[in-house]
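# Architecture and fold: a report
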Amino acid sequence: MLFRNGRESDNIEDRRDDGGGGGFGGGRSIGVGTIVIALVAMYFGIDPRVVLDTASVTQPRPAEAVRRSAPRSPAEDELARFASMVLADTEDTWGTIFKAAGGRYNEPRMVLYTGATRSACGVGQAAMGPFYCPADQKVYRDLSFFNELKNRFRAPGDFAQAYVIAHEIGHHVQNLLGISDKVQQARQRVSERQGNQLSVRLELQADCLAGVWAHHADRSRQVLEAGDVEEALGAATAIGDDRLQQSQGRVMPDSFTHGSSAQRVRWFRIGLERGSLKSCDTFNTAKL
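If you're wondering where the values come from, they're calculated on a predicted model, not measured in any experiment.

## Concerning the packing of aromatic side chains
Summed over all chains, the structure comprises 7 aromatic pairs. Ring geometry for phenylalanine 131 versus tyrosine 140: centroids 5.0 Å apart, planes at 10°, classification stacked. The same class applies to phenylalanine 131 and to tyrosine 140, which are both buried. Consider the rings of tyrosine 163 and phenylalanine 268, whose centres lie 5.5 Å apart with planes at 85°: the pair is edge-to-face. Linking tyrosine 163 in helix 5 (residues 158–176) with phenylalanine 268 in helix 10 (residues 261–274), this pair joins segments that are 105 residues apart in sequence. The exposure class of phenylalanine 268 is buried, given its relative accessible area of 1%. Chaining the aromatic ring pairs together yields one cluster made of Phe159, Tyr163, Trp213 and Phe268.

Here it is, written out as structure tokens:
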């Protein structure tokens with residue numbers, strides 16, 4: 001990717017020096033928000049019990065005792081800078097799109113952390129990968145996931161990283177438009193299988209919105225370079241539900257919550273090629 005102006009976002013909340021838990025108190029119970037985040041862990045093929053176990057462990061230590069013991073590496077700081085520039089570009093793009101539609105884009109914040117941290121949705125930790133919390137309108141990410149994306153999921157490249165960030169920002173757009181609330185309410189009235197299907201449509205729409213961002217960002221600022229699109233498609237393929245479940249030995253389509261690799265690639269392409277919010281209506285189409 002090529003960011004010509006090099007602008008970084010003002011909406012970065014850097015908690016990396018608080019790595020290790022952000023001062024979890026003793027006797028902390030597991031709330032609904034933690035359970036929700038545990039489900040997000042399934043997105044990356046992580047056993048959600050890892051999250052629940054972390055939330056339930058008593059760690060009676062003061063905040064000052066969890067400071068990072070090792071200095072940051074230049075490579076990590078460069079990843080943080082890149083994430084900040086991607087966030088800034090999403091702000092520019094979605095701000096313009098919302099304004100053209102007569103609305104106002106409320107910019108989310110991105111929390112960079114190490115190990116584990118608190119969110120309004122419960123406890124987040126590195127093993128879960130990036131996630132968006134609608135309750136506080138923040139994207140949470142441990143920068144080590146970039147290495148996970150490259151080494152575990154075999155999806156290297158800066159635009160692969162940008163795609164993951166843009167997907168989470170897509171969830172923020174859904175939250176602002178009221179789509180997330182409607183889906184959550186609908187899931188409470190249907191079976192687990194039907195609820196999973198709704199989740200798939202929500203996630204595929206976020207993939208499409210990531211493509212919409214890339215479409216407008218490139219038209220306005222020429223941010224894409226040769227090979228960038230292939231990097232994003234590689235990441236979308238690597239984190240499809242079928243690909244993740246194959247690594248566990250059994251593929252169960254009824255349990256999908258994010259969509260297959262082919263579906264994720266298809267909807268990112270739709271957003272990238274058409275650049276329209278209307279093209280991302282995954283809830284009123286027979287073909288995903």
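Structure shown, so let's carry the discussion forward.
## Section: unusual backbone geometry
Positive phi, close to 55°, is recorded for glutamine 137, a residue that is not glycine. Along the chain, glutamine 137 falls in the loop between strand 5 (131–133) and strand 6 (138–142). Take glutamine 137: its relative accessible area is 29%, and that puts it in the partly exposed class. Positive phi outside glycine occurs at glutamine 222, with the angle close to 50°. Note on placement: glutamine 222 falls in the loop between helix 7 (192–221) and helix 8 (228–238).

## A word on the state of the cysteines
Applying the stated criterion across every chain yields a total of 2 disulfides. Two residues, cysteine 121 and cysteine 133, share a disulfide whose sulfurs are 2.1 Å apart. Between cysteine 121 and cysteine 133 the sulfur-sulfur dihedral comes to about 95°; the bridge is accordingly right-handed. You can see cysteine 121 sitting in the loop between strand 3 (116–119) and strand 4 (122–125) and its partner cysteine 133 sitting in strand 5, a full 12 residues away along the chain. Neither cysteine 121 nor cysteine 133 differs from the other in exposure class; each is buried. The disulfide partner of cysteine 208 is cysteine 280, and the S-S distance across this bridge is 2.0 Å. Given an S-S torsion of about -75°, the disulfide between cysteine 208 and cysteine 280 has left-handed geometry. Pair noted here: cysteine 208 is in helix 7 and cysteine 280 is in the segment after helix 10, with a separation of 72 residues, a long-range link. Looking at the protein, its bonded cysteines, counted consecutively from the start of the sequence, adopt the pairing 1-2, 3-4.

## Some remarks on the pairing of strand 3
Sheet topology note: the strand 3/strand 4 ladder contains 4 bridges and is antiparallel. Across the sheet, the residue bridging to serine 119 is glycine 122, located in strand 4. The turn joining strand 3 and strand 4, which pair antiparallel and follow one another in sequence, is formed by 2 residues.

## Observations regarding the confidence of the model for the protein
On average, residues of the protein score 82 in pLDDT, and 82% of them are at 70 or above. When mean pLDDT is compared element by element in the protein, strand 2 (residues 109–113) scores highest at 96, while helix 2 (residues 49–56) scores lowest at 43. Ignoring residues within four places in sequence, the model shows residues 21–67, a span with pLDDT below 50, making 91 contacts including any to other chains.

## Let's talk about the sheet that holds strand 1 (residues 12–15)
Note on sheets: strands pair through backbone hydrogen bonds, and any given pair is parallel or antiparallel. Strand order in the open sheet formed by 4 strands is 1-2-6-5, and the pairing between neighbours is mixed. Pairing within the sheet leaves two strands with one partner each, and these edge strands are strand 1 and strand 5. Neighbouring strand axes in the sheet, compared pairwise and without regard to direction, differ in orientation by 25° on average. Judged from the 5 bridges that link them, strand 2 and strand 6 form a sheet pairing that is parallel. Within strand 6, the residue paired with valine 111 across the bridge is tyrosine 140. In the packing of helix 5 onto the sheet, contacts are made with strand 2, strand 5 and strand 6, and the angle to strand 5 comes to roughly 20°.

Each value, and the rule that gives it
- Residues numbered from 1 in each chain as written.
- Predicted model: local features only at pLDDT ≥ 70, side-chain atom pairs only at ≥ 80, totals over all residues.
- Heavy atoms only, no water.
- Phe/Tyr/Trp six-rings, centres within 6.5 Å; stacked < 30°, edge-to-face > 60°.
- Buried < 20%, exposed > 50% of the residue type's maximum accessible area, 1.4 Å probe, protein only.
- Helix = DSSP H or I, 4+ residues; strand = E, 2+ residues; numbered from the N terminus.
- Disulfide = S-S within 2.5 Å.
- Pairing = 2+ DSSP bridges.
- pLDDT = per-residue confidence, 0-100.
- Contact = heavy atoms within 4.5 Å.
- Axes fitted to C-alpha atoms, helices over the stretch in contact; angles between N-to-C directions.

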